[in-house]
Amino acid sequence: NAGVMQNPRHLVRRRGQEARLRCSPMKGHSHVYWYRQLPEEGLKFMVYLQKENIIDESGMPKERFSAEFPKEGPSILRIQQVVRGDSAAYFCASSPSADQPQHFGDGTRLSIL
Amino acid sequence: AQRVTQPEKLLSVFKGAPVELKCNYSYSGSPELFWYVQYSRQRLQLLLRHISRESIKGFTADLNKGETSFHLKKPFAQEEDSAMYYCALRPPGSSNTGKLIFGQGTTLQVKP
C-alpha cells in the first residue's frame, strides 16, 4: 500500500493561471481531506469529500477554489486565477471513515510567480 | 472559537533530558485530541490519539479537561526524536466530517 499519493510535489504557476492538485487516497479509503499550510503556520482544514460528494467545505475560500472526488480517479483541488497569496503547501489526507485517523500525503508545494 | 495553541515554536533539549511539548485547546465540550509528527523529509504521521491512551516511541500524552491541555511528554529524549510535532483537535459531533484543527507546530531539536 503506497499510502496517500499527491502530485505534483512542486507546482509553479504565474499569477492568473490555474493550478490543479491531485490526491489518490490509500487503498480502501473513501474519505478525503484537503488542508493548506501557509508559511510559519499550522495546517488549516479546507474541504472534506467522499466519493462524488462534498461533505464539508467550510474552510474553502469562497472564490476561485473548488474540489472534487469523482467516482473514478483521484481527488482534485483546483485553484483558478492564482494569486501570490495562494503560495502554500497543500496536504491531502484520507481515512476509511470519518472517525478513523487520517493518513497524510507528502503535500504539493505551490509557488506563484 | 475552536483553537489549538502550541506556545513554543522551538524546543531544544539535550539527549537524555525530559521533554514536554505543550498543547492547549479552546473548545467547550469533549473533543478528540491527537499528536502528529513530521520527521525530516517524511510525511506527517499520527503519533498518538488520546482515546487510545497508549505510549508510542516512549511518548505519552494525557488529556487534562480542567486545564484544556494535551501536553506530549517523554522522560528521556533521543536524537531521533528531532522533528516537527503538531497537536490537533477533532471537535465532538464532527464524526460525520472528521476535520482536524491543528496547532502551529513545535520543532523539537535534540542535541547530542
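Residues numbered from 1 in each chain as written. Chains lettered and ligands numbered in written order. Predicted model: local features only at pLDDT ≥ 70, side-chain atom pairs only at ≥ 80, totals over all residues. Heavy atoms only, no water.

## A few points about the sheet that holds strand β3 (residues 19–24) of chain A
Residues and elements named next belong to chain A.
Next up, step 1: Read from one edge of the open sheet, four strands run β1-β3-β8-β7, paired in antiparallel fashion. Pairing within the sheet leaves two strands with one partner each, and these edge strands are β1 (5–7) and β7 (65–68). The sheet shows a mean angle of 15° between the axes of neighbouring strands, taken without regard to direction.
Next up, step 2: Relative to strand β8 (residues 75–79), β3 runs antiparallel, the two sharing five bridges. Across the sheet, residue A19 finds its bridge partner in β8, namely I79. (Pairing = 2+ DSSP bridges. Helix = DSSP H or I, 4+ residues; strand = E, 2+ residues; numbered from the N terminus. Axes fitted to C-alpha atoms, helices over the stretch in contact; angles between N-to-C directions.)

## Overview of the nonpolar core
Next up, step 1: L21, W35, L47, L72, Y85 and L108 of chain B are the most contacted members of the largest nonpolar core, which totals 25 residues.
Next up, step 2: When residues of this core are traced back to their parent elements, those giving at least two are β2 (10–14), β3 (19–21), β5 (32–38), β6 (45–49), β9 (83–90) and β11 (106–111) of chain B.
Next up, step 3: The biggest single contributor to this core is β9 of chain B, with four residues.
Next up, step 4: Those residues in contact with L21 of chain B that sit more than four places away from it in its chain are E8, L11, W35, H71, L72, Y85, T106 and L108 of chain B.
Next up, step 5: Residues M26, M46, A67 and I79 of chain A belong to the second largest nonpolar core, which totals 23 residues. (Core = buried A, V, L, I, M, F, W, Y, C linked by side-chain atoms within 4.5 Å. Buried < 20%, exposed > 50% of the residue type's maximum accessible area, 1.4 Å probe, protein only. Contact = heavy atoms within 4.5 Å.)

Everything listed here is a matter of coordinates, which is why it stays silent on function.
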